Amino acid sequence: MRTSDPCRTIPVGRDAQTANRVADLAARRAYGRLLASLCQRTCDVAAAEDALADAFAIALHRWAEQGVPDSPEAWLLQVARRKLVDSVRRAETRKTYEPDAVRVIEALTMVQSPGQLADHRLALLFTCAHPAIDPSVRTPLMLQTVLGLEAARIASVFLVSTSAMAQRLVRAKTKIKAAGIPFVVPEPDVWPVRLDAVLSAIYAAYTAGWNWGGDGSADLADEAEWLARLVCEFLPETAEAHALVALILYCESRRPARTGAYVPLSDQDTDQWDQARIEEADTHLRTAARLGPPGRYQFEAAIQSVHADRQRTGQTNWSALLAIYDALCVEAPSLGAEIARAAVLLEARGPIEALKALDALPSEKVGSHAPYWATRAHALKRGNDMASAHEAFGNAIALTPESPARGYLEHQRDQCFS
């Protein structure tokens, strides 16, 4: 039974600015939950996205005139569901199936009271990891449907053009609809096949929230942490699920030291790190080690554990980090891991070894990758090649959006000839 009317509005904030602010906050914090709820009983992601977009458009107009509802998320969900019903009724090609389709959607129109909005994102994550979906688009699809990232932002993560990414996403959604892929958490026997894609998408979302900075990034990181915990709760005997939670918690423990200007990890004040999160991460990492052999996220979490240990010892064990990165690059080779390994080589063995490792990377892949140029610039600067370092810092800056990290790179470049 509905305990409150989600469409009831409060008599304050009747202006466009308030409506825009509340709608923007709802989009950041609840887009994935809303879309997942809409998709729960249909197989049409695109139609659900259109309905939700219509709901936001209506909200901007109506909230400015009538006031903001008690529960903006529930209001948006109810309006979007009504839009889905209307779209089914209008579709001439679905006349034969209209009664059943309408009943399915209308069965969901009873909206829970605030705080009880159903969350079906785990089912949506596993749907996007279905074997029928091209592996190369599974993570981007999850980032868009579950976390609401735009195609342009996703494209920047995967180093492809916005138009190419948009086309891939459209094809994937069409595949879901055409194949009638159900929006449900699959049976346990298929979890191993899809789990890696789910964890990869969550980690990509967290990395995006951690790296980009600016409005909404903390919300994105929080959403990724929540989803990682949800997978871990759902699959408590899965080592890599625990390892991913550990990895995120280690990184989040350092968030208090990242406020304001960008501060490199090695220069952060460890007294600002959240000890409770580090201890919880330690627990998850030990659980992961007990449950199974090390995989990608166990190695990644172990790397962050070594960094976290500086809070206790006062120094970083670079040799241990290099050994773990060597193992990670064998277990889960990636451009990011190789670049990070080169950064560790710089500290463990000096700039010559670091530059050798960077020179060994495929030039066609690193040219547009900001972390590569930043790492190269630091190695060149450490080796006293200031002219080349200045140029490399310039390349890194050109590829880095406006953020505290960009300001840090600009400062480092300016120091080359100071």
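Cut-offs used in this document
- Residues numbered from 1 in each chain as written.
- Predicted model: local features only at pLDDT ≥ 70, side-chain atom pairs only at ≥ 80, totals over all residues.
- Heavy atoms only, no water.
- Helix = DSSP H or I, 4+ residues; strand = E, 2+ residues; numbered from the N terminus.
- Buried < 20%, exposed > 50% of the residue type's maximum accessible area, 1.4 Å probe, protein only.
- Contact = heavy atoms within 4.5 Å.
- Areas by Shrake-Rupley, 256 points an atom, 1.4 Å probe, with all protein chains shown as cover.
- Core = buried A, V, L, I, M, F, W, Y, C linked by side-chain atoms within 4.5 Å.
- Axes fitted to C-alpha atoms, helices over the stretch in contact; angles between N-to-C directions.
- Parallel < 35°, antiparallel > 145°, perpendicular 65-115°, else oblique.
- Left-handed = near helix turned anticlockwise from the far one by under 90°.
- Nonpolar A, V, L, I, M, F, W, Y, C, P; charged D, E, K, R; others polar.

**So, the overall build of the protein**
When you go through the protein residue by residue, the secondary structure sums to 21 helices and zero strands. When burial is assessed residue by residue, the protein has 49% of its 418 residues classed as buried. Considering only intrachain contacts with a sequence separation of at least 6, the fraction spanning at least 24 residues in the protein is 66%. Summed over its atoms, the accessible surface of the protein is roughly 19,800 Å², and 51% of this surface lies on carbon and sulfur atoms.

**Some points on the nonpolar core**
Formed by 64 residues in total, the largest nonpolar core has its most connected members in Leu125, Met142, Val198, Ile202, Val231, Leu244 and Tyr250. Sort the elements by how many residues they give to this core and helix 9 (residues 191-212) lands first, with 13 residues. Among all residues touching Met142, those that are not within four sequence positions of it are Leu125, Cys128, Ala129, Leu147, Ala197, Val198 and Ala201. Of all hydrophobic cores here, the second largest spans 37 residues; its members include Ile303, Ile324, Leu328 and Phe393.

**Structural notes on the packing of helix 11 (residues 239-252) against helix 12 (residues 275-291)**
It is the contact of helix 11 with helix 12, at a shortest axis distance of 8 Å, that shows an interaxial angle of 160°. Taken as axis vectors, helix 11 and helix 12 run roughly antiparallel relative to one another. The two elements helix 11 and helix 12 cross, and the hand of that crossing is left-handed. Between helix 11 and helix 12, the contacting residues are Ala239, His242, Ala243, Val245, Ala246, Leu249, Tyr250 and Glu252 on the first element and Arg277, Ile278, Glu280, Ala281, Asp282, His284, Leu285, Thr287, Ala288 and Leu291 on the second.

**A short note on the packing of helix 17 (residues 351-359) against helix 19 (residues 370-382)**
Between two packed helices, what matters for the description is the angle formed by their axes and the separation of those axes. Where helix 17 meets helix 19, the closest approach of the two axes is 9 Å, and the angle between their N-to-C directions is 150°. Considered as vectors, helix 17 and helix 19 are oriented roughly antiparallel to each other. In terms of crossing hand, the pair formed by helix 17 and helix 19 is left-handed. Residues Pro351, Ala354, Leu355, Leu358 and Asp359 of helix 17 form the contact with helix 19, whose own contacting residues are Tyr372, Thr375, Arg376, Ala379, Leu380 and Arg382. Tallied by class, residues from the contact of helix 17 with helix 19 come to seven nonpolar, one polar and three charged.

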